[in-house]
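Commentary on secondary and tertiary structure
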Number of protein chains: 2
Amino acid sequence: MKHLNLQDINNLNHLYKINLVNSIAGYKSVNLIATKSVSEKTNVAIFSSVIHLGSSPPLLGFMLRPATVPRNTYENIIETGYYTINHIHDQILEDAHHTSAKYNREISEFEVTKLETEYKDNFYVPFVKDCPIQLAMQFVEEYTIKANNTKLIVGEIKGVYIKDGLLQDDGFVDLSKGKVATINGLDGYAIPNLKKRLDYQRPKIF
Amino acid sequence: MKHLNLQDINNLNHLYKINLVNSIAGYKSVNLIATKSVSEKTNVAIFSSVIHLGSSPPLLGFMLRPATVPRNTYENIIETGYYTINHIHDQILEDAHHTSAKYNREISEFEVTKLETEYKDNFYVPFVKDCPIQLAMQFVEEYTIKANNTKLIVGEIKGVYIKDGLLQDDGFVDLSKGKVATINGLDGYAIPNLKKRLDYQRPKIF
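My aim in this report is to walk through the structure given alongside it, one point at a time. Small disclaimer: the values here were computed from a predicted structure and weren't measured.

Let us look at the sheet that holds strand 2 (residues 28–29) of chain A. In spatial order, the strands read 2(A)-12(A)-13(A)-14(B); together these 4 strands make up an open sheet with antiparallel pairing. Both outer strands of the open sheet, strand 2 of chain A together with strand 14 (194–197) of chain B, are each paired with one neighbouring strand and no more.

Shown next, in the form of structure tokens:
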């Protein structure tokens, strides 16, 4: 096996280091987070840090990295209290990835890509049309991680839209039936196929 | 599309709700976190919440959910300051999943599964043998999320071991070459194949 210690990692050049450290975290969710300013300017950006925080209440988190992530998303969330999380799927990989380009706040990524807004149920922020899972989110709280000055944004799921055919009888949502993407590192995309579901585990009796 | 609002979600029965909310977070990393108590008792448990927090310094986070996760992991990390993160791969899915069973602290999951400890470079905590990526971690800090009393554990990567053939010339680690798993919801496993890597994006010129 290839071994690198902390000093080796710290001494790597920037691009090699971010490729490496982002990859070794494992597969990540990859989503489009859409927001809208109080002056009604939309914004949509790709994030690979959405995580499950809890089910009762239904809470998700995501990380904002000050140095690399467009700040528009954060500003709009704080201004309005709302955002949407939309799952990236195989048909929009290139356009979704393009939202990582650094546009200023005057330009909406909905204008420069084929991604389309979809408004429904009077939610202030648009969803991304045709995404197999769309989540209406309300900001709850934020935490600044002292170790590197990133922020964890905590939000509550106010509504979920699931493409027909994905939701199973026990509440399991089969992401592979929606051709939902996962990301390896900063730029490696995969569209997984479900291999198997395993049973709830109890201790073995000896 | 199927639509559920917050009230619908809150009214679901427990199992349906945790299947649903865990699934709609998207694909997650799935890892074995190994620890060892000061009295040298090992522990290993499955986690699907490891996330990348930053590359300089190299930091990863993971969530501890008080109600569902074995506390042994947390106690050992606080006692000793160290843990290892080991990527689950296709050959150990069943044994890895079995570590979700609630054993008491007197029993090591290394004793009740075919998972094997591997000690190297004088790190106090064992790695899980044959995992394609193994990370030596040092505890940095923790945050309690007020909204649901879960904890975010922040750790620094002190060392990384990568199976031969996965590391590319630019630092990208191809997880699919190690048959690394991802998890959908609580129990749906997939072994993704890399579809494509996309280029670094700059704004389009109009």
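Attention shifts here to the sheet that holds strand 2 (residues 28–29) of chain B. The strand order across the open sheet built from 4 strands is 14(A)-13(B)-12(B)-2(B), with neighbouring strands paired in antiparallel fashion. Unpaired on one side and paired on the other, strand 14 (194–197) of chain A together with strand 2 of chain B mark the two borders of the sheet. Where strand 2 of chain B meets strand 12 (residues 182–184) of chain B, 2 bridges bridge the pair, whose relative direction is antiparallel. Note on strand 12 of chain B: the bridge partner recorded for Ser29(B) is Thr182(B).

In this section: the interface of chain B and chain A. Taken together, the 107 residues of chain B in the interface contact 107 residues of chain A. Summed over both sides, the interface between chain B and chain A buries roughly 9,200 Å², with carbon and sulfur atoms accounting for 62% of that surface. One can count 4 salt bridges joining chain B with chain A. A salt bridge links Glu94(B) to Lys196(A); its shortest N-O distance comes to 2.7 Å. At the surface where chain B touches chain A, the tally comes to 54 residue pairs in polar contact (both at pLDDT 80 or more). Residue contributions to the side of chain B that touches chain A peak at 10 residues, all from strand 11 (residues 150–162) of chain B. In terms of residue class, the side of chain B that touches chain A is built from 53 nonpolar, 30 polar and 24 charged. One ladder, built from 4 bridges, connects strand 1 (residues 2–5) of chain A with strand 11 of chain B; its direction is antiparallel.

A separate point is unusual backbone geometry. Cis geometry marks the peptide bond from Ser56(A) to Pro57(A), where omega comes out at 0°. With respect to the helices, strands and loops of the structure, Pro57(A) is situated in the loop between strand 5 (51–55) and strand 6 (58–64). A positive phi is found at Lys179(A), a non-glycine position, where the angle reads about 50°. Here Lys179(A) shows up in the loop between strand 11 (150–162) and strand 12 (182–184). Backbone geometry places Asp130(B), a non-glycine residue, at a positive phi of 75°. Mapped onto the elements of the fold, Asp130(B) is located in the loop between strand 9 (127–128) and strand 10 (133–145). Residue classification places Asp130(B) among the exposed positions, given a relative accessible area of 55%.

With that settled, the discussion passes to the packing of aromatic side chains. Considering all chains together, one arrives at 10 aromatic pairs over all chains under this definition. Residues Tyr82(B) and Phe123(B) carry aromatic rings whose centres are separated by 5.3 Å and whose planes lie at 80° to one another, so their mutual orientation is edge-to-face. Taken together, the residues Tyr82(B) in strand 7 (residues 82–87) and Phe123(B) in the loop between strand 8 (117–118) and strand 9 connect sequence positions 41 residues apart. In this structure Tyr82(B) comes out as partly exposed when scored by relative accessible area, which is 27%. Assessed through its relative accessible area of 15%, Phe123(B) is described here as buried. Chaining the aromatic ring pairs together yields one cluster made of Tyr82(A), Phe123(A), Phe127(A) and Tyr161(A). The aromatic ring of Tyr161(A) is capped on one face by Lys120(A), whose charged end is 4.1 Å from the ring centroid.

Criteria and cut-off values
- Residues numbered from 1 in each chain as written.
- Chains lettered and ligands numbered in written order.
- Predicted model: local features only at pLDDT ≥ 70, side-chain atom pairs only at ≥ 80, totals over all residues.
- Heavy atoms only, no water.
- Pairing = 2+ DSSP bridges.
- Helix = DSSP H or I, 4+ residues; strand = E, 2+ residues; numbered from the N terminus.
- Contact = heavy atoms within 4.5 Å.
- Buried area = accessible area lost by both parts, 1.4 Å probe.
- Salt bridge = Lys/Arg side-chain N within 4 Å of Asp/Glu carboxyl O.
- Polar contact = N/O pair within 3.5 Å; in protein donor to acceptor, adjacent residues only side chain to side chain.
- Nonpolar A, V, L, I, M, F, W, Y, C, P; charged D, E, K, R; others polar.
- Buried < 20%, exposed > 50% of the residue type's maximum accessible area, 1.4 Å probe, protein only.
- Phe/Tyr/Trp six-rings, centres within 6.5 Å; stacked < 30°, edge-to-face > 60°.
- Lys NZ or Arg CZ within 6 Å of the ring centre and 35° of its normal.

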